[in-house]
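Architecture at a glance
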Amino acid sequence: MTKLGVVMDPIGSINIKKDTTYAILLAAQTRGWPIYYMEQNDLYLDNGGPYARIRHLTLFQDTQRWFEFGGEETIPLDQLEVLLMRKDPPFDMEYVHTTYLLEQVEARGVVVVNRPQALRDANEKMFTAWFPQCTPPTLVTRRYQDLRGFLEKHNDIILKPLGSMGGESIFRVTSEDPNVNVIMETLTDYQQRFIMAQQYLPEIKHGDKRVLLIDGEPVPYALARMAPPGETRANLAVGGHGEGKELSPRDRWICEQVGPTLRERGIVFAGLDIIGDFLTEINVTSPTCIRELDSIYGLDIGAQLLDAIASKVAN
């Protein structure tokens, strides 16, 4: 019986029809793994030792009542065998400080998914720089002149911050856009903050594909997130809808390029964002889309992930 801890956003706020953490925890409950629920505020270090206030968690497949807390206690986190870090971005200094604490958990023999150092090192936008053969033309800068030069060269580009999620503050900008200057000023905080620019990919009309990798190996189907009418962004969080698609040969090639590096760094669960033939982001903090793919294809991706985690516990 594997003791599983999870650090997540408040469970009372989730949508169980779409929530990937819920799917993973449901798979753990099915196996009889006891679940120890935590939020970021519950974690602390005492004389170098990692502790948390935990609540014992039971799940129900009921959209009106999907969870129940059992007893509450404070425990040293090395009592666990597995700890899932499923706190959503923003990736800010509080998130970084949490990874430092989780490294103390990992140092005591607990399997932390994903590895705390990897969560810090693999920024979901900038980590794509390790795979330039897979990406569209991409620039990371804080200087206006660099951004203007990139826009002049490509005419139609995407600008986005490096630490957000769900399509937040993503702009499509063309050479004729009268708001170019104010967009650059806002995103870079007047050249005080790095942002990413990528060439706009018209293939977005066919969907922004989310490909899930478990210990470096892809699930054979992607969820193509389709943008709502009049919207550039296809994120489900801004009203996009998902369509299932079998991985293409190009998708699989991208996975072959990225997968070994993820495995080597201890990123057991990741989500690649692929538009057309190009990798645009590598999601490592709290990848989503399990529920949608399970529903479309009759899969149990949460169980596949737990199989990979269980093998790491055994080793």
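I will try to describe carefully the structure that is included in this document. Predicted, not measured: the structure shown is a model, and the values here were computed from it.

Let us look at helix α4 (residues 144–154). Those residues of α4 not exposed but buried are Tyr144, Leu147, Phe150, Leu151 and His154. Projection of α4 onto a plane perpendicular to its axis shows the buried side chains occupying an angular sector of 130°, all on one side. Pointing more than 90 degrees away from the buried face of α4 are the exposed residues Gln145, Glu152 and Lys153. Each element contacted by the buried residues of α4 is listed here: β8 (138–141), β9 (156–161), β10 (171–174), α5 (180–188) and β11 (195–199). Two residues or fewer past α4, Asn155 is found with a positive phi of approximately 70°.

This brings us to the environment of Gly216. Topologically, Gly216 is positioned in the loop between β12 (208–214) and β13 (217–218). In this structure the C-alpha to C-alpha distance between Gly216 and Arg263, which are 47 residues apart in sequence, comes to 5.2 Å.

Turning to unusual backbone geometry, a few remarks are in order. With an omega of -10°, the peptide bond running from Val113 to Asn114 counts as cis. Phi is positive for Cys289, which is not a glycine, with a value near 95°. With respect to the helices and strands, the residue Cys289 is situated in the loop between β17 (278–283) and α7 (290–297). Classification of Cys289 as buried rests on a relative accessible area of 1%.

As for its placement among the helices and strands, Leu4 is situated in strand β1 (residues 4–8). Distance from Leu4 to Ala107, taken between C-alpha atoms, is 17 Å for residues 103 residues apart in sequence.

A word on the packing of aromatic side chains. Note on aromatic pairs: each is described by the distance of the centres and the angle between the planes. Counted under the stated rule, the structure contains seven aromatic pairs. Here Tyr37 and Phe69 contribute two aromatic rings whose centre-to-centre distance is 5.0 Å and whose plane-to-plane angle is 45°, an arrangement assigned as tilted. On the criterion of sequence distance, the pair formed by Tyr37 in strand β2 (residues 35–38) and Phe69 in strand β5 (residues 67–76) is long-range, its members being 32 residues apart. When the centroid spacing of 4.9 Å and the interplanar angle of 40° are considered together, the rings of Phe91 and Tyr95 count as tilted. Looking at Phe91, the relative accessible area reads 26%, which means it is partly exposed. Connected via pairs of aromatic rings, a cluster forms that spans Tyr37, Trp66, Phe67 and Phe69. Positioned above the aromatic ring of Phe60 is the side chain of Arg65, whose terminal nitrogen or guanidinium carbon lies 4.1 Å from the ring centre. Over the ring of Phe194 we find Arg142; its NZ or CZ atom is 4.6 Å from the centre of that ring.

The rules behind these values
Residues numbered from 1 in each chain as written. Predicted model: local features only at pLDDT ≥ 70, side-chain atom pairs only at ≥ 80, totals over all residues. Heavy atoms only, no water. Buried < 20%, exposed > 50% of the residue type's maximum accessible area, 1.4 Å probe, protein only. Helix = DSSP H or I, 4+ residues; strand = E, 2+ residues; numbered from the N terminus. Arc of directions from axis to C-beta. Contact = heavy atoms within 4.5 Å. Phe/Tyr/Trp six-rings, centres within 6.5 Å; stacked < 30°, edge-to-face > 60°. Lys NZ or Arg CZ within 6 Å of the ring centre and 35° of its normal.

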